[in-house]
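Notes for the structure review
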Amino acid sequence: MSPERSTGSPSDELHDREEVIAVRCPFCHNADSRVIDSREADEGATTRRRRSCPACNRRFTTVEEAVLAVVKRSGVVEPFNRTKVVAGVRRACQGRPVDEDQFQLLAQQVEDAIRATGAAEVPSHEVGLAILRPLRELDEVAYLRFASVYRSFTSLEDFEKEIGELRARHVVAGTPTLPGMSPPAPRRRGGGRASTAAAASGT
């Protein structure tokens, strides 16, 4: 009987032949198994491998996902955690009209943006940048709150500069700004005196 061949791509077959990680059979607990098929799933984020146990001849499937690690300022390395992203954004969105589905979507966008860099490890600073971009589109007030902490705002001028940049984006896009973010209307000189004079003359 001829051996089974992988139906995956040539690159997958090469990777399988070079694979040195032993996967224990879940049925007979044999210490090793053979890959007979590999397929990418979730737009390449995970790899599904069909395996065969040489001891009991039973087959099973494993799902492999590349581990994304975050390097904190202290140098500590920990796995990327969507829950932490949502928790930080939720604090910034307190009292704002943002629902749970939007939190989860933003966390997904952040993870996708980081994975798109192709790096296995990213500094925590890059995670913050990845949060700021979609949060600005989601809610500008929450964005200002998050940015003030992330970028360590120390004065009113820091807020004014950020608000000015938000206004400029709306001008370019032709979209209305949030209430309270529109620049104040210029005062007309002598307007009060003219009104008083007009009232006194009865005109």
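Scroll up for the structure.
Presented here is a report on the structure given in the accompanying data block. The residue numbers shown here count from 1 along each chain, following its written sequence. Under the rules for a predicted model, residues below a pLDDT of 70 receive no local features and side-chain atom pairs below 80 are neither given nor counted, while totals for whole chains, interfaces and linings still include all residues. With hydrogens and water set aside, each side-chain value is computed from the structure's full complement of heavy atoms.

Once that is clear, we can look at the overall build of the chain. Within the chain, the regular secondary structure consists of seven helices and six strands. Counting from the N terminus, the helices are the DSSP runs of H or I reaching at least four residues and the strands are the DSSP runs of E reaching at least two. Counting from the amino terminus, the chain carries its helices and strands in the arrangement α-β-β-β-β-β-α-α-β-α-α-α-α. With 203 residues in all, the chain has 29% of them scored as buried. In the chain, once contacts between residues fewer than 6 apart in sequence are set aside, the share between residues at least 24 apart is 43%. For the chain, the accessible surface area stands at approximately 14,100 Å², while carbon and sulfur atoms represent 53% of it. Here's how the labels work: a residue is buried when its accessible area is under 20% of the maximum for its type, exposed when over 50%, partly exposed in between, all with a 1.4 Å probe on protein chains only. Residues count as neighbours in contact if any of their non-hydrogen atoms are within 4.5 Å of one another. Accessible surface area values rest on a Shrake-Rupley calculation with a 1.4 Å probe, where residue burial reflects the displayed protein chains alone.

Moving on, we get to the packing of aromatic side chains. Here the aromatic set is Phe, Tyr and Trp, taking the six-membered ring for Trp, and pairing holds for ring centres within 6.5 Å; pairs whose planes are under 30 degrees apart are stacked, those over 60 apart are edge-to-face, and all others are tilted. One pass over the structure, following the stated rule, counts two aromatic pairs. For the pair Phe-146 and Tyr-150, a centre-to-centre distance of 6.2 Å together with 25° between the ring planes defines the contact as stacked. Of this pair, Phe-146 and Tyr-150 both sit in helix α5 (residues 140-150), four residues apart, roughly one helical turn. For the pair Phe-146 and Tyr-150, a shared accessibility class is recorded, and that class is buried. Above the plane of the ring of Phe-27 lies Arg-58, whose end atom (NZ or CZ) is 3.9 Å from the centre. In this scheme, the term charge over a ring applies when either NZ of a lysine or CZ of an arginine sits within 6 Å of the ring centre and within 35 degrees of the ring normal.

This part is about the pattern of salt bridges. Should a side-chain nitrogen of Lys or Arg be within 4 Å of a carboxyl oxygen of Asp or Glu, the pair is scored as a salt bridge. This structure, assessed with the given rule, holds 10 salt bridges. When the shortest N-O distance is used, the salt bridge between Arg-51 and Glu-64 registers 3.0 Å. Note that Arg-51 is positioned in strand β2 (residues 46-52) and Glu-64 in strand β3 (residues 59-65), a separation of 13 residues in sequence. Its relative accessible area of 28% is what places Glu-64 among the partly exposed residues.

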